[in-house]
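# Results of the structural survey
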Amino acid sequence: MTTTQLVSEIQKKKSFLCIGLDVDLNKIPQHLLNEEDPIFAFNKAVIDATHHLCVAYKPNTAFYEAYGLKGWKSLEKTIQYLNKKHPEIFTIADAKRGDIGNTSSMYAKAFFEDLGFDSVTVAPYMGKDSVEPFLAFEKKHTIMLALTSNEGAFDFQTKTLEGKELYKQVLETSKTWKNSENLMYVVGATKAEYFAHIRTIVPDSFFLVPGVGAQGGNLQDVCKYGLNKNVGLLINSSRGIIYASQQKDFAQAAAIKAKELQQEMENILSVQSY
């Protein structure tokens, strides 16, 4: 999927919502455990109930890898279902990969070619030769960790090195890499005050923004500092949507929560005249 197609979908749905499909068998409704594939059954129901309200889905691969081969098969079935039924929706493999040379190339092939995701998250700690293999894939996007929403982000990301915070150096350096136009960035919602400066470094890029809702991030603050001419934000909500109910009405409850966020986004976009 191209950025132009993503922007078009945002404008059509008046939404820049991304729903995280982080499936924990201890949290899904108990009746689904009788299904042949409980994880896929849960995902399918959530997708069927919410696809008209969001522009992206983001399975975190850890929640599938934890269940071994069966979990990986559930992930494969989920992405195949999305690509077949809703090819207009942007798909994100939240895998946070990052290794050098041929290893990164193989990770990229796994997510882009075998599974067919539109994008994958990567960690930049090992530098350009760990990220450029992902960037080499046409019409695919690499979403690089820039400034995350977790407590440990302050251990390294905001430390000053030679007069500049590390995350700023990472952002500036990434712009020099080959095919950097295919980069997007993870910027945590709980760091809303940082968005304005980040926008001066990468004004045209899309940000994947976790942390709204369960982690305490505020949508209004993120949009105040993070919106650009093409909206440029994908706001992720996982637990707040998919676990809105643990009863048989879980999909309908997820749709209600997704609708609340979509309407808030629609109001923001109308004020901004998008």
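Each remark here, short or long, concerns the structure printed above.
Since the model is a prediction, treat every value here as computed from it, not as a measurement.

With that settled, consider the pairing of strand S3 (residues 90-97). Of all eight residues in S3, seven are buried, a share of seventy percent or more. As defined by bridge partners, strand S2 (residues 56-58) adjoins S3 across two bridges and the pair is classed as parallel. The partner of Ala56 across the bridge, within S3, is Phe90. Bridge count for S3 against strand S4 (residues 119-122) is three bridges, and the pairing is parallel. Each bridged residue has a counterpart across the sheet, and for Ala93 the counterpart in S4 is Val120.

What follows deals with the pattern of salt bridges. Scanning the model with the defined rule gives eleven salt bridges in all. With a closest N to O distance of 2.7 Å, Asp94 and Lys96 form a salt bridge. For Asp94, a relative accessible area of 6% gives the class buried. Since its relative accessible area comes to 42%, Lys96 is described here as partly exposed. The salt bridge partner of Lys168 is Glu165, with a shortest N-O separation of 3.0 Å. Taking the relative accessible area as the measure of exposure, Lys168 reaches 13% and is therefore buried. Taken together, the shared-partner salt bridges connect Lys58, Asp94 and Lys96 into one network.

Within the largest apolar cluster, 90 residues are counted, with the highest numbers of intra-cluster contacts made by Phe16 and Leu233. A total of nine residues in this core trace back to one element, the largest contributor, which is helix H12 (residues 250-272). Each residue touching Phe16, except ones within four places of it in the same chain, is listed here: Ile10, Val55, Leu219, Cys223, Val231, Leu233, Leu234, Ile235, Met265 and Leu269.

Basis of the calculations
- Residues numbered from 1 in each chain as written.
- Predicted model: local features only at pLDDT ≥ 70, side-chain atom pairs only at ≥ 80, totals over all residues.
- Heavy atoms only, no water.
- Buried < 20%, exposed > 50% of the residue type's maximum accessible area, 1.4 Å probe, protein only.
- Helix = DSSP H or I, 4+ residues; strand = E, 2+ residues; numbered from the N terminus.
- Pairing = 2+ DSSP bridges.
- Salt bridge = Lys/Arg side-chain N within 4 Å of Asp/Glu carboxyl O.
- Core = buried A, V, L, I, M, F, W, Y, C linked by side-chain atoms within 4.5 Å.
- Contact = heavy atoms within 4.5 Å.

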